[in-house]
Amino acid sequence: MCGMSGGSSWNTRLRELAKEGLFKEGLQLYRQMLRSGDSPNAFSFPFALKACAALSLPLSGAQLHCHVVKTGCDPEPFVQTSLISMYCKCSLVENARRLFQQSPQSRRLTVCYNALIAGYSLNSQFSAALLLFRAMRRAGVMFNAITMLGLIPVCTVPLDLDFGMSLHACNVKCGVDADPSVGNCLLTMYVRCGSVDVARKLFDAMPEKGLITWNAMISGYAQNGLASHVLDLYHKMESVGMDPDPVTFVSVLSSCAHLGAQSVGRDIEWRILSRGFDFNPFLTNALINMYARCGNLARARMLFDEMPEKTLVSWTAILAGYGMHGQGETAVHLFNEMCGVGIQPDGAAFVSVLSACSHAGLTDKGLEYFSEMKRIYGINPGPEHYACVVDLLGRAGQLEEARELIYSMPVKPDGAVWGALLGACKIHRNVELAELAFERVVELEPTNVGYYVLLSNIYSEVENLEGVAKVRIMMRMRNLRKGPGCSYMELKKKVHLFLAGGRDHPQAKEIYSMLDGLEDLVKDSVGSKNKERRVEEVLAGTGVHSEKLAIAFGLLNTQPGTELVVIKNLRVCGDCHVFIKMVSKIVDRKIVVRDASRFHHFRNGVCSCNDYW
DNA sequence: ATAGGGTTAG
């Protein structure tokens, strides 16, 4: 290795590899250097340590630590800082802390504090990060923008918002917030603490919006369930000439999945291909998820099958898709196959397989998974898992068992758990248990209108008019109003929204006359026995339900034979599924009405997208 | 030459 002799050429090459992100190759080169008999020096270690951190190789990192000590480089602050950072990134925070504490005060430079503060924050040791920041200031060490980049992410939940805002104020006072990275970081903090509006104000006020700024805001909307805002902002991004990258597309695709907007998603897929971003596993997973949720299982499956390295997320996305669309057996089969190839399921994978079982009526199978979850995989079920199992038992009519399960929960049941029981009571017309579940759920989610409507519908089904009135009064006292029922349907890259009884769609006239025709056909096909009453029932009180409008619109504007997919905000209000079933038969069309409770912009039963686009 | 940071899927 005559050409490589002398430490500096090794170091140059190491630096190049680190810059390119070729960490594996960097470590190989470091080992090659040792074999060739050259000694690493203080300029070699930071690169090699960075590689261990990036690849999360604590053993190699510790070995490097030995080399550092052997070569006497350990007092060097740069090397010290690299070691601290490496240990933090390998989740060995204790080692990092010890190194920091052992170093003399005089060698604790700003970067050294920065590395440990960021490390604490990365490992969710929030108070430790804060305390160290205070100690830093007491010691008179200057902080800079990068200190803030470590510290700001400490604030992750709404409760942290006050502290986050004080950091923001502090940054403004020192002028640190002018650094675009700090701006991005603050933006992300507001988003994570649920203050999307504040984040947007910050976004609008930022003079130089980089790609990361756009991505932070777009993903912020996505994470807060504001899918239509994601698409708006994405279009704006394109219109100002900012080029999206794979990170952007991940959020956009996730929003298409939430909206059921398959044709927008297809358009995005085309852009991904034309930019050469295919083979990015994040994007492939996002595409699988989008197609699966939109019901295009064939395309989702094709992408999944062609994926060379399927991750846990890929498997979960595809099996959740099958589960959602009633193909529980396929979902279960995929889950088993996944375990068979050695991928360990996590909590989210269990949520998907459990809900697949409950939708497909595979009660025993679901219960089996639930018990395996703790026993074999050591995952403690959270409220989301209990909600699935309550739903599973409830749909199967085992209401008592469901109630018992809730009482035996080691974690506090949340609204979804009691809500699942309430939903089961609706199916099986159990008023007494419904009242109990309602009391609990309303304590936990007093403003979720969906539950009031659910109970009211249970009362009206058993003709308990007093009950219906009771719920109405309760809602009035709490100043709650059921938003109008709303449904939407995607057609040619536009989402068409329908409110119950609404007339503001451009095709309103045609839609209403189509609906009149449909209702007449349905009336005619009801048998003559108890005809009046049956007709009322079938037409569900003859109201102009939003899903009826959506279906009429769909029949007007689509080719015969295509499937109509309607998404509806409240699964529980104004059931007109008998009507839909009959229409479907009469016009010989497959009509699917999907429950939007898992669509975030329908949270609390209120639709937050209020326009066509 | 060397250290510290901001955006990504189920």
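The rules we used
Residues numbered from 1 in each chain as written. Chains lettered and ligands numbered in written order. Predicted model: local features only at pLDDT ≥ 70, side-chain atom pairs only at ≥ 80, totals over all residues. Heavy atoms only, no water. pLDDT = per-residue confidence, 0-100. Helix = DSSP H or I, 4+ residues; strand = E, 2+ residues; numbered from the N terminus. Contact = heavy atoms within 4.5 Å. Phe/Tyr/Trp six-rings, centres within 6.5 Å; stacked < 30°, edge-to-face > 60°. Salt bridge = Lys/Arg side-chain N within 4 Å of Asp/Glu carboxyl O. Buried < 20%, exposed > 50% of the residue type's maximum accessible area, 1.4 Å probe, protein only. Near = heavy atom within 4 Å. Polar contact = N/O pair within 3.5 Å; in protein donor to acceptor, adjacent residues only side chain to side chain. Nonpolar A, V, L, I, M, F, W, Y, C, P; charged D, E, K, R; others polar. UniProt positions renumbered as here; feature names shortened; annotations may be inferred. Pairing = 2+ DSSP bridges.

**Section: the confidence of the model for chain A**
Part 1 of the argument: Averaged over every residue, the pLDDT of chain A is 87; residues scoring 70 or more account for 91%.
Part 2 of the argument: By mean pLDDT, the top-scoring element of chain A is helix 24 (residues 399-407) (96), and the lowest-scoring one is helix 30 (residues 531-538) (64).
Part 3 of the argument: Note that residues 597-613 has pLDDT below 50 and, in this model, 53 contacts with residues that lie over four places away or in other chains.

**With respect to the packing of aromatic side chains**
Part 1 of the argument: Following the criterion strictly, the structure yields 13 aromatic pairs and no others.
Part 2 of the argument: Put simply, the rings of Phe335, Phe350, Tyr369 and Tyr377 pair up and form one aromatic cluster.

**A few points about the pattern of salt bridges**
Part 1 of the argument: One pass over the structure, following the stated rule, counts 18 salt bridges.
Part 2 of the argument: For aspartate 204, the salt bridge is made with arginine 200, and the minimal N-O distance between the two is 3.1 Å. Taken together, the residues span about one helical turn, with aspartate 204 and arginine 200 both in helix 12 (residues 196-205) at a distance of four residues.
Part 3 of the argument: A salt bridge links aspartate 267 to arginine 271; the nearest nitrogen and oxygen atoms lie 3.1 Å apart. Residue aspartate 267 and its partner arginine 271 are both found in helix 16 (residues 262-274); the two are separated by four residues, about one turn of the helix.
Part 4 of the argument: Aspartate 267 gets classed as partly exposed once you look at its relative accessible area, which sits at 23%.
Part 5 of the argument: Put simply, Glu238, Asp267 and Arg271 are held in one network by salt bridges that share partners.

**Re the protein's contact with DNA strand B**
Part 1 of the argument: Of all residues adjacent to DNA strand B, which total 37 residues, the nearest are Phe78, Val111, Asn144, Ser181 and Gln223.
Part 2 of the argument: Counting only the atoms of DNA strand B that lie within 4 Å of the protein, the sugar and phosphate share comes to 45%.
Part 3 of the argument: Here a base nitrogen of DNA strand B and a side-chain polar atom of asparagine 285 are 3.1 Å apart.
Part 4 of the argument: With respect to DNA strand B, the side chain of aspartate 346 contributes an N or O atom lying 2.9 Å from a base nitrogen.
Part 5 of the argument: Here the surface near DNA strand B gets five residues from one element, more than from any other, and that element is helix 5 (residues 77-89).
Part 6 of the argument: When grouped by side-chain class, the residues that make up the surface near DNA strand B number 15 nonpolar, 16 polar and six charged.

**Description of the environment of leucine 399**
Part 1 of the argument: With respect to the helices and strands, leucine 399 occurs in helix 24.
Part 2 of the argument: If we ignore the near neighbours within four places in the chain, the residues touching leucine 399 are Gly394, Leu421, Ala424, Cys425, His428, Asn430 and Leu433.

**Some points on the UniProt feature "repeat: PPR" (unreviewed entry) in chain A**
Part 1 of the argument: The sites that UniProt annotates as "repeat: PPR" (unreviewed entry) are residues 6-40, 109-143, 210-244, 280-310 and 311-345.
Part 2 of the argument: A helix fraction of 74% and a strand fraction of 0% characterise residues 109-143, whose end C-alpha atoms lie 10 Å from each other.
Part 3 of the argument: Span residues 280-310 is 74% helix and 0% strand, its end C-alpha atoms 12 Å apart.

**A word on the pairing of strand 3 (residues 564-568)**
Part 1 of the argument: Most of strand 3 sits out of view: four of its five residues are buried.
Part 2 of the argument: Here strand 1 (residues 486-491) runs beside strand 3; their pairing, made up of two bridges, is antiparallel. Following the sheet pairing, tyrosine 488 is matched in strand 3 by isoleucine 567.

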